[in-house]
Amino acid sequence: ALLVGAVAACAYQASSGGLAGVEEFKAMFATSKLVNVTSCDCATLSLCAPFWAASDARRRGVDANWPFLLSLLPIMGPA
């Protein structure tokens, strides 16, 4: 259900304004330290989440494949 909602939100954004929001984000990323740091933090944590999930699953004695694969989904990943 969450994945369907995420796809629907992306489709709505693409159909309603295209890439106008991307240009605004680029401008904010270049000028605002808060936007810069939080964006980099989110990207770093999202990239590391699959490896942490697999490591945790191994320590708990659970099959390490499904948490790793589940954490690759951005909507489910770091949550």
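Quick look at the structure, then. (Residues numbered from 1 in each chain as written. Predicted model: local features only at pLDDT ≥ 70, side-chain atom pairs only at ≥ 80, totals over all residues. Heavy atoms only, no water.)

## Quick look at the pattern of salt bridges
- Enumeration over the complete set of coordinates arrives at two salt bridges.
- For Lys26, the salt bridge identified is with Glu23, shortest N-O distance 3.8 Å. With a gap of three residues between them, Lys26 and Glu23 both fall in helix α2 (residues 20-31), about one helical turn apart.
- Of the charged contacts in the structure, one is a salt bridge between Asp56 and Arg60, with a shortest N-O distance of 2.9 Å. You can see Asp56 and its partner Arg60 sitting in helix α3 (residues 33-60), four residues apart, about one turn around the helix.
- Given the relative accessible area of 29%, Asp56 is considered partly exposed.
- Arg60 gets classed as exposed once you look at its relative accessible area, which sits at 63%. (Salt bridge = Lys/Arg side-chain N within 4 Å of Asp/Glu carboxyl O. Helix = DSSP H or I, 4+ residues; strand = E, 2+ residues; numbered from the N terminus. Buried < 20%, exposed > 50% of the residue type's maximum accessible area, 1.4 Å probe, protein only.)

## Observations concerning the packing of aromatic side chains
- Counting across every chain of the model gives one aromatic pair.
- Ring geometry for Phe25 and Phe29: centres 5.8 Å apart, planes at 40°, overall tilted. Separated by four residues within a single helix, Phe25 and Phe29 lie in helix α2, roughly one turn from each other.
- For Phe29, a relative accessible area of 29% translates into the label partly exposed. (Phe/Tyr/Trp six-rings, centres within 6.5 Å; stacked < 30°, edge-to-face > 60°.)

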